[in-house]
Amino acid sequence: MKYFKGFLQVYKRIVIVLVVISLLTAAYFMVVPSTTAAASFVTSAVSGSPISGALVKLVQYPQYNATTDGTGAYTMLNVPYGVYRISGQSPGYTKNVSTINVSSSAVTKDFSLAVGTLTGDYRYYAMTDNEITSNKVSTLSDVGTSFTIPQYGDNVGWNTEVYVTDYSGMGATLTLKYYYPNGTLAVTENPSVPANGTYKWIPSDGTNGRPTAGKLVITSNNNIVGEFKIYSRSNTDMISSKLYTVNDTGTSFMIPQYGDHVGWDTFVAISDVSGLGATLTLKYYYPNGTLAVTENPAVPANGSYYFFPSDGTNGRPTAGKMEILSTNAVTGEYRIYSLGNAGILSNKLFTVYDKGTSFSIPQYGDHIGWDTFVAISDVSGLGANLTIEYYYPNGTLAKTENPTVPANGIYSFFPTDGTNGRPTTGKLAISSDNKIIGEVRIYSLSGRGIMSNSLFNQRDISNIVILPYYGNNVNFGTFITFADMSGYTTNVYIDYHYLNGTLVKTETQVVPADGLLGLIVSDGTGGKPTEGNVFIHI
């Protein structure tokens, strides 16, 4: 399929090497101050081949910059002493930003540039009120042939709808296995997905012997991508998630911040994927990082275990961080729901793939209709020093902050509050000197409506991104935000398909360098289908 090539993850390395020639030595690879000439080069981390035309600059002082020649070499002159944020970038690659200390001694700095320009999320919103849910756009890391939904609706208070989209261009035959919560296999089905199209269904409806609640395992003969939505039968509350891949399974997980048992409570569902069952170790931490209590429940083979960590029983903190360890492979999710009328949100349990030192939020609230809450947890055990960069939607850097996260603790903030020069809406870039995890929650200021995602990392950036399904403009609409991660103004091409796979329309949009672009894809204007799937590529 034409989209597959753009997902090839070929990494590039920018090696910043500034050379000093002296009477006593040959050449030192370093960053040097004052008026000494500096020579450096850009190479591929995989092949060692040079990257021509790459730009290296000091972020706060972009007048200090250099561009690589055909051999990957560049020179940078008159770099004063000091500590700087420094970036390396090239079109089609994710811009990499780090810190460098220019002093009298030799300094070297390595960068890896991964293929990928775009990140973003899409939001389903109710047409009658502010209820909303959100998903990250899908990338190659979400494409595959084997998936899990750890727990779906119950056909009483909640229903579940699943959307599976063909990525192979050839269509796909699915095998759907429905399990009861105790792990018993209930029924197997074999529907088909049209080429480039989408198959949708309600697994919780109880038809054909389907359990109304349980675990669902989805396999396919060709590459697919998908998501599911769980929605209330009594109001417009809803949550959504991508289908769970092998990257969402494991034996070690975290929840960076759970409810408080005052305004919010938290529900956790953990499903066995090993076929053997699992014994869990649940570690509850206070927000300051102190371990409060440890529990050891069991998950039945192929089954599920549910609990409420925020209920305060057995010495559990009503709010804090949770670490989950397992003897065998499991997967799971957590849901934080209002005890009043503010709605519900959900997230996958955080795995090793969610830990890192570089993250983004493509678009946060506006402090008018919506506000944004961010929670960041230390996973290094050492604490972390953060660099948080606030960008206006047009890509201009507005503000930089440097808060700290306590060892094993949590740092939380409201980027939309407008204080200290923060834009009330825009893009956020977060980097850390030690490993962290985190999430972002965007909530309505006027009624029901809250959504959540884990912080966005390199797996969420690509040159091609996918919406497996978007709204219908009757009950729900769909809004999408793209953010540029390359540092260059980017043309994006949006392919709209009907559910049957027919390409209906391609349109072109422009994302500003370091900025963002938002649009409604489900409104039916300009020949767009009100329901379908979307592939976005540069």
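Residues numbered from 1 in each chain as written. Predicted model: local features only at pLDDT ≥ 70, side-chain atom pairs only at ≥ 80, totals over all residues. Heavy atoms only, no water.

Q: Where do I start with the overall build of the protein chain in this structure?
A: Along the backbone of the protein chain there are zero helices and 42 strands. Burial status across the protein chain gives 55% buried among its 538 residues. Nonlocal contacts in the protein chain, meaning residues at least 24 apart in sequence, comprise 73% of its contacts between residues at least 6 apart. Approximately 19500 Å² of the protein chain is accessible, and the part contributed by carbon and sulfur atoms is 53%. (Helix = DSSP H or I, 4+ residues; strand = E, 2+ residues; numbered from the N terminus. Buried < 20%, exposed > 50% of the residue type's maximum accessible area, 1.4 Å probe, protein only. Contact = heavy atoms within 4.5 Å. Areas by Shrake-Rupley, 256 points an atom, 1.4 Å probe, with all protein chains shown as cover.)

Q: For this particular structure, what's the right way to read the sheet that holds strand S38 (residues 476-484)?
A: Strand pairing in a sheet relies on backbone hydrogen bonds. The paired strands run either parallel or antiparallel. Strands sit in the order S12-S11-S38-S41 across an open sheet of four strands; the sheet is antiparallel. Looking at which strands have only one partner, the edges of the open sheet turn out to be strand S12 (132-136) and strand S41 (516-520). Pairwise comparison of adjacent strand axes, ignoring direction, gives a mean angle of 20° for this sheet. In this structure, S38 lies alongside S41, joined through five bridges in antiparallel fashion. Each bridged residue has a counterpart across the sheet, and for Phe 482 the counterpart in S41 is Leu 517. (Pairing = 2+ DSSP bridges. Axes fitted to C-alpha atoms, helices over the stretch in contact; angles between N-to-C directions.)

Q: Could you clarify how one ought to interpret the packing of aromatic side chains in this entry?
A: Working definition: an aromatic ring pair is given by the centre-to-centre distance plus the angle between the planes. Counting across every chain of the model gives 17 aromatic pairs. Look at Tyr 152 and Tyr 178: their rings are 6.3 Å apart centre to centre, the planes differ by 90°, and that puts the pair in the edge-to-face class. Of this pair, Tyr 152 sits in strand S13 (residues 144-152) while Tyr 178 sits in strand S15 (residues 172-179); the two residues are 26 residues apart in sequence, bridging distant segments of the chain. Residue classification places Tyr 152 among the buried positions, given a relative accessible area of 0%. Here a set of aromatic residues connected by ring pairs shows up, and it is made of Tyr 122, Tyr 124, Tyr 163 and Tyr 469. Against the face of Phe 456 rests Lys 136, its NZ or CZ located 4.9 Å from the ring centre. (Phe/Tyr/Trp six-rings, centres within 6.5 Å; stacked < 30°, edge-to-face > 60°. Lys NZ or Arg CZ within 6 Å of the ring centre and 35° of its normal.)

Everything listed here is a matter of geometry and, on its own, says nothing about what the molecule does.
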